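So the chains spell out like this:
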Amino acid sequence: MCTLTWGYSTDGYHLHFNRDESRLRARGTLPSLQSQNDVSFLAPTDPEAQGTWILCNEYGLSVCLLNNYVDITSIDGIRSRGLLVRDLSCAQTIDEALSRIRAENISHYSPFDAFLFDRTAVCEISWNGQKLALNPMAQQSFKSSSGVDTENVLHGREQQFQTTLKDIPSLRAYHRSHLPSKSSYSVCMHREDARTQSYTEITISKDAATMLYTDGPPCSTPLGNELSLPLTTRS
């Protein structure tokens, strides 16, 4: 259960992410400046497994993760999918991130859909428990997941996305929205057992990566302080 949207501009790109989780699951810790292999990145942290579901680094690479409910198999991953996202935090390019994924024992993970972004391209990595697939994506698009009435939920969210302008204010409003009602069908999702737990916004501009975060449902939680990271020229 999550929703991701994105768009590109002449200077870079912006992406928007609703994280939907069980109400019993521990809330993520606020985004912070972190580093791995001497590469700086911005990310919130899952306090249970110490991984993350979204990050952007000093090279303008962003990574985000959605659970794959459509292709769920009997596989029960022995390693948190959020740790795979963190493993990619030091990659300079999409190609380098893909090389790192290919070198992983991917069978250690439950099914997922991960997305890699840089200034010129978007790539979806889908793991269904048996096969890894790489899919180039359009520079303005949408992805969502749901474990409840999946087909109808995704159809409604996609229809709403198609009528939404692809600028930052419009996509913020999309991620706060409650169409057709405040329920499991709305982008800002509310159920008795789960809800949208946070909203993350990443903007990659000419010189910097920035991250905005709401520690709660975006319909009722104001955007937090902006974190910024100067961009580094690739080696």
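Our subject is the structure listed above.
Residues numbered from 1 in each chain as written. Predicted model: local features only at pLDDT ≥ 70, side-chain atom pairs only at ≥ 80, totals over all residues. Heavy atoms only, no water.

*Asks:* Explain the layout of surface pockets residue by residue, including any values.
*Replies:* Approximately 320 Å³ is the volume found for the largest pocket. In terms of lining residues, the largest pocket is bounded by 19 residues, among which Glu21, Arg25, Leu65, Asn67 and Arg81 are the most central. Where the lining of the largest pocket is concerned, the elements lending two or more residues are β2 (13–22), β6 (62–67) and α1 (81–87). Class assignment for the residues of the lining of the largest pocket results in six nonpolar, seven polar and six charged. (1 Å grid on protein atoms, 1.4 Å probe; cavity = no way out; pocket = protein on both sides within 12 Å on 5 of 7 lines; lining within 4 Å. Points joined across faces, edges and corners; volume = space filled by probe spheres on them. Helix = DSSP H or I, 4+ residues; strand = E, 2+ residues; numbered from the N terminus. Nonpolar A, V, L, I, M, F, W, Y, C, P; charged D, E, K, R; others polar.)

*Asks:* I'd love a proper account of the state of the cysteines, names of residues and values included.
*Replies:* Within the structure shown, the criterion is met by zero disulfides. Lacking any disulfide linkage, cysteine 90 is separated from the closest cysteine sulfur, that of cysteine 56, by 15 Å. Overall, the relative accessible area of 5% leaves cysteine 90 in the buried class. The thiol sulfur of cysteine 188 is not disulfide-bonded, and the nearest other cysteine sulfur, from cysteine 219, lies at 3.6 Å. On the basis of relative accessible area, cysteine 188 is assigned to the buried category, the value being 0%. (Disulfide = S-S within 2.5 Å. Buried < 20%, exposed > 50% of the residue type's maximum accessible area, 1.4 Å probe, protein only.)

*Asks:* Explain the sheet that holds strand β12 (residues 208–214) to me, using residue names and the numbers behind them.
*Replies:* Two pairing modes exist for strands in a sheet, parallel and antiparallel, and in both the strands are linked by backbone hydrogen bonds. Overall, antiparallel pairing links the six strands, which are arranged β10-β1-β2-β11-β12-β13 in an open sheet. Because the sheet does not close on itself, it has two edges, and the strands there are β10 (141–145) and β13 (227–230). For this sheet, the mean angle separating the axes of adjacent strands, direction not counted, is 15 degrees. Across four bridges, β12 lies against β13 in antiparallel orientation. The residue bridging threonine 210 from the neighbouring strand is serine 228, located in β13. Its contacts with the sheet put helix α3 (residues 150–162) on β1 (2–8), β2 and β10, and the angle it makes with β10 is roughly 160 degrees. In this fold helix α4 (residues 168–176) packs onto β1, β2, β10, β11 (194–204) and β12, with an angle of close to 10 degrees to the strand it touches most, β2. (Pairing = 2+ DSSP bridges. Axes fitted to C-alpha atoms, helices over the stretch in contact; angles between N-to-C directions. Contact = heavy atoms within 4.5 Å.)

*Asks:* Mind laying out the environment of threonine 150, listing which residues take part and the relevant values?
*Replies:* Among the structural elements, threonine 150 can be located in helix α3. Residues threonine 150 and serine 184, spaced 34 residues apart in sequence, show a C-alpha to C-alpha distance of 9.9 Å. Side-chain polar atoms of threonine 150 contact the backbone oxygen of serine 146, separated by 2.7 Å. (Polar contact = N/O pair within 3.5 Å; in protein donor to acceptor, adjacent residues only side chain to side chain.)

*Asks:* Could you give an account of the packing of aromatic side chains, with specific residues and numbers?
*Replies:* A complete count under the given rule lists seven aromatic pairs for this structure. Arranged with centres 5.8 Å apart and planes meeting at 20 degrees, the rings of tyrosine 13 and phenylalanine 117 form a pair that is stacked. Taken together, the residues tyrosine 13 in strand β2 and phenylalanine 117 in strand β7 (residues 112–117) connect sequence positions 104 residues apart. The two residues tyrosine 13 and phenylalanine 117 agree in class, both being buried. Between phenylalanine 161 and tyrosine 174, the ring centres sit 5.9 Å apart and the planes meet at 70 degrees, which makes this aromatic pair edge-to-face. Of the two residues, phenylalanine 161 sits in helix α3 while tyrosine 174 sits in helix α4, which places them 13 residues apart along the sequence. (Phe/Tyr/Trp six-rings, centres within 6.5 Å; stacked < 30°, edge-to-face > 60°.)

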